[in-house]
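Breakdown of the fold
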Amino acid sequence: MDAYLAAITIIALIYMLLSLGLTLQYGLTGLINFGHVGFFAIGAYTSALLSLQGVPLALSIPAAAVTAGLAAWPIGLISLRLRDDYFAIVTLGFSETVRLVITSEKWLTNGVQGIPGIPRLFESISVGIGAQLAVMGVLLVVTLAAIYAMRRIVASPFGRVIEAIRDNEEALQALGKDPARFKIQVLIPGSALAGIAGAFYAHYITYIVPDQFIPLVTFYVWMAIIIGGVGRVSGAVVGTGLLMLFLEGSRFLRDIVPGVSEVEMASLRIGVVGLLLVLFTIYRPQGLMGDFTKR
């Protein structure tokens, strides 16, 4: 049971990094990114491939962040010419393009066969609860550092500018500010956080395949920030925790609902999570950590 709880906590912390990155991009700046999983995949494959070539994890994980951030730069340039809805479609297409490239470039990524034997964190510690607790500790430190950085951004003049982009971009332009430059500056670190999350995911799971990086991952992250409260750092944290509770708790629905097959249970789980999201949207649209004086 301890190993199961540790594993769930590790995955929750990885998703928390993804949620923080999307909060920076959408919650604070208003950039609708439906391709967040693409940067997650870039980070995972970058760190996995480098580590298999003998690069220490202390270098391969930062390299994953840099690669994911650089991949966001041309997407940021595209955002200068597109409205929000078109930008959302472009980012979704980007994530699917990344997955198709991973699938087709077998010489580099081994295609649909995936990459096995990825070095795990703390290989000197034997597999078990000790190793899991060590990974969880490192992830907790990284996540707390990301939360601290996000809070500093929110309280800074830069944070006020990007929130102005979200609220009224035309008014910001009238004041002589260039929203395009700030959008690029937001996309890069938000995507770098997704890259770091992908690197930790690869080294924890130790085996990655293209099917692990489908659009559903992005929409799980969207669900987390909507449940927690869009535009709030605390919302990303609380929303991710609740999402993991819903996803894992719904695994036990089969004990409550008899006569349901494994395949039917998978669909039922998605239905339950979707229903919870609808209820949150109707009765608590500002999220759990939003303004309680508003509806």
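From a predicted model like this one, the values you see are computed outputs, not experimental measurements.

1. Regarding the overall build of the protein chain
When helices and strands are tallied, the protein chain shows 13 helices and zero strands. Starting at the N terminus, the α and β elements of the protein chain follow one another as α-α-α-α-α-α-α-α-α-α-α-α-α. For 295 residues, the compact-globule estimate of 2.2 N^0.38 gives 19 Å, and the protein chain sits close to it at 19 Å. Counting every position in the protein chain, which comprises 295 residues, the buried fraction comes to 48%. The long-range fraction of contacts in the protein chain, counting pairs at least 24 apart against all pairs at least 6 apart in sequence, stands at 76%. Summed over all atoms, the accessible surface of the protein chain reaches about 14100 Å², with 68% contributed by carbon and sulfur. Averaging the positions of the 19 positive and the 17 negative side-chain charges in the protein chain gives two centres separated by 7 Å.

2. Some thoughts on the packing of helix α1 (residues 2-27) against helix α9 (residues 179-205)
Two numbers describe how α1 lies on α9: the axes approach to 7 Å, and their chain directions differ by 165°. The angle between the axes of α1 and α9 places the two elements in the roughly antiparallel class. Handedness of the crossing formed by α1 with α9: left-handed. Between α1, through Ala7, Ile10, Ile11, Ile14, Leu17, Leu18, Leu20, Gly21, Leu24 and Gln25, and α9, the contact on the second element is made entirely by Val186, Leu187, Pro189, Gly190, Ser191, Leu193, Ala194, Ile196, Ala197, Phe200, Tyr201 and Tyr204.

3. Looking at unusual backbone geometry
Despite not being glycine, Asn110 has its phi angle at roughly 65°, a positive value. Residue placement: Asn110 occurs in the loop between α5 (106-109) and α6 (129-155). Of the residues examined, Asn110 reaches a relative accessible area of 37% and is grouped as partly exposed. Non-glycine residue Thr206 carries a positive phi angle of around 65°. The residue Thr206 is located in the loop between α9 and α10 (215-228) in this model.

4. A few points about the pattern of salt bridges
Scanning all chains against the criterion turns up four salt bridges. The closest approach of N and O atoms between Glu96 and Arg99, which form a salt bridge, is 2.8 Å. One end of the pair is Glu96 and the other is Arg99, both in helix α4 (residues 84-104) and three residues apart, which spans about a single turn. Residue Arg99 pairs with Asp211 through a salt bridge whose shortest N-O separation is 3.9 Å.

5. Details of the nonpolar core
Soluble, globular proteins show a tendency: their nonpolar side chains are buried together. Within the largest apolar cluster, 78 residues are counted, with the highest numbers of intra-cluster contacts made by Ile14, Phe39, Phe40, Ile208 and Phe213. Not counting chain neighbours up to four residues away, the residues in contact with Phe39 comprise Asn33, Ala68, Ala71, Ala72, Ile75, Phe94, Ser191, Ala194 and Gly195.

6. Let's talk about α6
In a regular helix each residue adds 1.5 Å, so 27 residues correspond to 39 Å; α6 covers 38 Å between its end C-alpha atoms and thus fits that length. All of the buried residues in α6 are Ala131, Gln132, Val135, Met136, Leu139, Thr143, Ala146, Ile147 and Met150.

7. Digging into the environment of Ala194
Within the secondary structure layout, Ala194 lies in helix α9. Residue classification places Ala194 among the buried residues on the basis of a relative accessible area of 0%. Dropping the residues within four chain positions of it, Ala194 is found in contact with Leu18, His36, Phe39 and Phe40.

8. Observations regarding the environment of Tyr26
Here Tyr26 shows up in helix α1. Tyr26 sits in the partly exposed class, given a relative accessible area of 25%. Separated by 204 residues in the primary sequence, Tyr26 and Val230 have C-alpha atoms spaced 7.9 Å apart.

9. Notes on a nonpolar patch on the surface
Nonpolar side chains collect at one region of the surface, where Leu275, Val278, Leu279, Ile282 and Tyr283 lie side by side and expose about 490 Å² of accessible area between them. In this structure, Leu275 sits in helix α13 (residues 262-283).

10. Points about the side chain of Arg120
Looking at the secondary structure, you find Arg120 in the loop between α5 and α6. Polar side-chain contacts of Arg120 include one of 3.1 Å to the backbone oxygen of Phe122. Apart from the residues within four sequence positions on either side, Arg120 is in contact with Leu57, Ile125, Ser126, Val127, Ala131, His203 and Thr206.

11. A word on the packing of aromatic side chains
This structure, assessed with the given rule, holds nine aromatic pairs. A ring pair is formed by Phe40 and Phe213, whose centres lie 5.5 Å apart and whose planes are at 65°; its orientation type is edge-to-face. Of this pair, Phe40 sits in helix α2 (residues 36-52) while Phe213 sits in the loop between α9 and α10; the two residues are 173 residues apart in sequence, bridging distant segments of the chain. Comparing Phe40 with Phe213 shows no difference in burial state: the two are buried.

Reading guide: rules and limits
Residues numbered from 1 in each chain as written. Predicted model: local features only at pLDDT ≥ 70, side-chain atom pairs only at ≥ 80, totals over all residues. Heavy atoms only, no water. Helix = DSSP H or I, 4+ residues; strand = E, 2+ residues; numbered from the N terminus. Rg over C-alpha atoms; globule rule 2.2 N^0.38 Å. Buried < 20%, exposed > 50% of the residue type's maximum accessible area, 1.4 Å probe, protein only. Contact = heavy atoms within 4.5 Å. Areas by Shrake-Rupley, 256 points an atom, 1.4 Å probe, with all protein chains shown as cover. Lys, Arg positive; Asp, Glu negative; His and termini not counted. Charge placed at Lys NZ, Arg CZ, Asp CG, Glu CD. Axes fitted to C-alpha atoms, helices over the stretch in contact; angles between N-to-C directions. Parallel < 35°, antiparallel > 145°, perpendicular 65-115°, else oblique. Left-handed = near helix turned anticlockwise from the far one by under 90°. Salt bridge = Lys/Arg side-chain N within 4 Å of Asp/Glu carboxyl O. Core = buried A, V, L, I, M, F, W, Y, C linked by side-chain atoms within 4.5 Å. Expected span 1.5 Å × (residues − 1). Patch = residues over 30% accessible without salt bridge, like charges linked within 9 Å, V, L, I, M, F, W, Y side chains within 5 Å. Polar contact = N/O pair within 3.5 Å; in protein donor to acceptor, adjacent residues only side chain to side chain. Phe/Tyr/Trp six-rings, centres within 6.5 Å; stacked < 30°, edge-to-face > 60°.

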